[in-house]
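Chain and residue survey
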Amino acid sequence: MKTTFKNTGLLIVIGLIFASCSSPSPAPIPVPACSSTNTIFNQLYANVVTLPGHQNTNTFDTEIHEYTFQFSQNKTICSIGYQSQLAIAAVPYKMEIIDNNSNTIVYSGNHVFSSANTSYVSITPTPIIANQSYTIRRTMLLTNAGNNFSNLIGRAVNQPGALISFPQSFGIMTITGANFYQNGGPLVNRGIPYIDFAYY
């Protein structure tokens, strides 16, 4: 009888030792910060504005504004920043990111932006592969803009009477071209639209 109690006690002690040695649950992987403060696009854009004869303005009354870019590192786009025109501040813009290698839309969403300044909306995290060409596109249809062409304009850097020189680079980002078209244009490489984005 004593042996049975002794064996049972020994088994309980061994069980407690093994239980205390089991590995703890892995800590949750933190979600990276999606900071829109002084983004790499904003810095690139600011550099282009300072070039001789260039200006930061609201222009190009076409439905589509877009630019083509690439990164030298893999990143994930997590938000998009834009500024609406006052008269259509409640109307959503369609924002898209296109993988130019496969001609595939990798992100598409309709978003409302502030007319007072650049505001940011979170998007489904969208991976960007290093040294691959992408286009970020803003669409506002004329019918959604009250059939008023002046509501189609957007913030852009341009050089009146001349083309923007491409490529334009800052850090890991290079913009290789831009286009303004549909219900006007096409105006190829006439400016860079201010379509900002944050990434991690």
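The rules behind each value
- Residues numbered from 1 in each chain as written.
- Predicted model: local features only at pLDDT ≥ 70, side-chain atom pairs only at ≥ 80, totals over all residues.
- Heavy atoms only, no water.
- Core = buried A, V, L, I, M, F, W, Y, C linked by side-chain atoms within 4.5 Å.
- Buried < 20%, exposed > 50% of the residue type's maximum accessible area, 1.4 Å probe, protein only.
- Helix = DSSP H or I, 4+ residues; strand = E, 2+ residues; numbered from the N terminus.
- Contact = heavy atoms within 4.5 Å.
- Pairing = 2+ DSSP bridges.
- Axes fitted to C-alpha atoms, helices over the stretch in contact; angles between N-to-C directions.

Let's talk about the nonpolar core
Ranked by size, the top nonpolar core spans 37 residues in total, and within it Y67, F69, I80, M173, I175, I192 and F197 carry the most contacts. Breaking this core down by element, the ones donating at least two residues are α2 (40-49), β2 (64-71), β3 (75-82), β4 (93-99), β6 (119-128), β7 (134-139) and β10 (173-181). Ranked by residue count, the leading element in this core is α2, at five residues. Apart from the residues within four sequence positions on either side, Y67 is in contact with F41, Y134, T135, I136, M173, I175, G177, A178, I192, P193, I195 and F197.

A word on the pairing of β10
Extensive coverage of β10 is indicated by the burial of seven of its nine residues. Pairing of strand β9 (residues 168-170) with β10 involves three bridges; the strand directions are antiparallel. Across the sheet, F170 pairs through a bridge with M173, a residue of β10. The antiparallel pairing of β9 with β10 creates a hairpin that spans two residues between the two strands, and G171 there sits at a positive phi of about 55°. Where β10 lies against strand β11 (residues 187-188), two bridges are found, and the strand directions are antiparallel. When the sheet's bridge partners are listed, N179 is paired in β11 with V188. Between β10 and the antiparallel strand that follows it, β11, lie five residues; Q182 among them carries a positive phi value of about 80°.

So, the sheet that holds strand β8 (residues 154-158)
Either a parallel or an antiparallel arrangement is found when strands of a sheet pair, and the pairing is made through backbone hydrogen bonds. If you trace the three strands from one edge of the open sheet to the other, you get β1-β8-β12, paired in antiparallel fashion. Edge strands, defined here as strands with exactly one partner in the open sheet, are β1 (55-59) and β12 (191-193). Between one strand and the next, the sheet's axes are offset by a mean angle of 35°, whatever the strand orientation. In this structure, β1 lies alongside β8, joined through five bridges in antiparallel fashion.

These figures come from the coordinates and say nothing about function on their own.
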